[in-house]
Amino acid sequence: MTTHKYLPSFVCGFSAAVISTIPGIRSIACCFVVPAAAWFSLVLDHKINKAEPPVSVQNALFFGLLTGLFAAIFSTGLDILMTFIMHSNDFVRSLPQTEIIARQWNLGDIWNQTQSLLRKMSADIKANGFSLTYSAAILFSNLIIDIVFGIIGGLLGMLIQNRKTIQ
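Reference entry: report on the structure contained in this document. (Residues numbered from 1 in each chain as written. Predicted model: local features only at pLDDT ≥ 70, side-chain atom pairs only at ≥ 80, totals over all residues. Heavy atoms only, no water.)

**So, the packing of helix α4 (residues 57–86) against helix α7 (residues 132–166)**
Applied cut-off: All axes here are fitted lines through C-alpha atoms, helices being fitted over the stretch that makes contact, and every angle between N-to-C directions spans 0 to 180 degrees. Here a strand is any run of E in DSSP of at least two residues, a helix any run of H or I of at least four, and the numbering for each starts at the N terminus. Oblique is the label for every angle not falling under 35 degrees (roughly parallel), over 145 degrees (roughly antiparallel), or within 65 to 115 degrees (roughly perpendicular). In this scheme the handedness of a crossing depends on how the near helix is turned from the far one: anticlockwise by less than a right angle means left-handed, clockwise means right-handed. By the convention adopted, Pro, Cys, Tyr, Trp, Phe, Met, Ile, Leu, Val and Ala count as nonpolar, Lys, Arg, Asp and Glu as charged, and the other residues, Gly among them, as polar.
One way to put it is that α4 packs onto α7 with a least axis distance of 7 Å and a crossing angle of 150°. Of the possible angle classes, the one that applies to α4 and α7 is roughly antiparallel. When the axes of α4 and α7 are compared, the crossing they make is right-handed. For the contact of α4 with α7, the per-class residue count stands at 16 nonpolar, 9 polar and 2 charged.

Structure, rendered in C-alpha cells:
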C-alpha cells in the first residue's frame, strides 16, 4: 500500500482531534466529529486515487478504523500537552463534584479505593502537569470510543457515497 492510502485518515484524524479540543464540541466529538472525519477520509481517498464507485465495506472499515485510531492518538496527545501546560484539566476541575455525588450513592469500599487513585492522579496533574495513570486511562478510553465511532462513520460514509453513485 502506498502512503496515499493512509494520508486521508491521518489528515482527517488529526483534524478531528483538533476540533475535539474545542470546549463546546468536546462532549459530542466522538458521536459527530469522528464519524464525519471517517466519512471525509473515505471521500478524500476516492478523490486522490480516482477510485471507481461503489465503496467497498473493506475500505469503509479500514478508513473508519484508521481515522478513529489517528483521532484517538492525536486527541490524547493534545489533551496531555494542554494538561502539562496548564497543570489542570476537566478531570481535575470536576473531581470535587464527582466525590460529592459518589458519597451520596454510598458505594462503599470500592469507591474509597477508586477515590484514592483519582485523588493521586489529580495531585500529580496539579503538581507536575502529568499523570501516567491519567494518560493511560485517557488513551485507552479514546482508542475504544474513537475507533468504534470511526468505524460507524466509515460504514455510514460508504452508504452515503454508494447511494450518491446509484442516483
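**Re the packing of aromatic side chains**
Stated precisely, the cut-off is as follows: Only the six-membered ring of Trp is used, alongside the rings of Phe and Tyr, when aromatic pairs are assigned; centres must lie within 6.5 Å, and planes under 30 degrees apart are stacked while those over 60 apart are edge-to-face, with the rest tilted. Buried means the residue's accessible area, taken with a 1.4 Å probe over protein chains only, is under 20% of the maximum for its type, while exposed means over 50%, and partly exposed covers the values in between.
Evaluation of the coordinates by the stated rule reveals 7 aromatic pairs. When the centroid spacing of 5.3 Å and the interplanar angle of 80° are considered together, the rings of F10 and F70 count as edge-to-face. Taken as a pair, F10 in helix α1 (residues 3–19) and F70 in helix α4 lie far apart in primary sequence, 60 residues in all. By relative accessible area, F70 is classed as buried at 19%. The rings of F10, F14, F70 and F74 are connected pair by pair, giving a single aromatic cluster.

**Concerning the environment of F62**
Here F62 shows up in helix α4. For F62, a relative accessible area of 21% corresponds to the partly exposed category. A sequence separation of 91 residues divides F62 from G153, and the C-alpha atoms of the two residues are 11 Å apart.

**A word on the pattern of salt bridges**
The test is simple: Salt bridges are defined by distance alone: a side-chain nitrogen of Lys or Arg within 4 Å of a carboxyl oxygen of Asp or Glu.
In the structure shown here, the tally under the stated rule is 5 salt bridges. In this structure, R119 engages E99 in a salt bridge whose closest nitrogen and oxygen atoms are separated by 2.9 Å. With R119 in helix α6 (residues 109–128) and E99 in helix α5 (residues 90–105), this residue pair connects regions lying 20 residues apart in the sequence. On the accessibility criterion, R119 (45% relative accessible area) is partly exposed. Put simply, D124 and K120 hold a salt bridge, and the shortest N to O gap is 3.1 Å. Highlighted residues: D124 and K120, both in helix α6, separated by 4 residues, approximately one helical turn. When salt bridges with common partners are traced through the structure, they connect R26, D79, D90 and R93 into a single cluster.

**Some thoughts on the packing of α5 against α6**
What counts here: Contacts are assigned to residue pairs with any non-hydrogen atoms lying within 4.5 Å of each other.
For the pair α5 and α6, interaxial distance at closest approach is 10 Å and the crossing angle is 160°. Overall, the two elements α5 and α6 adopt an arrangement that is roughly antiparallel. The two elements α5 and α6 meet at a crossing, and its hand is left-handed. Contacts between α5 and α6 involve F91, V92, L95, T98, E99 and A102 on the former and, on the latter, W111, Q115, L118, R119, M121, S122, I125 and K126.

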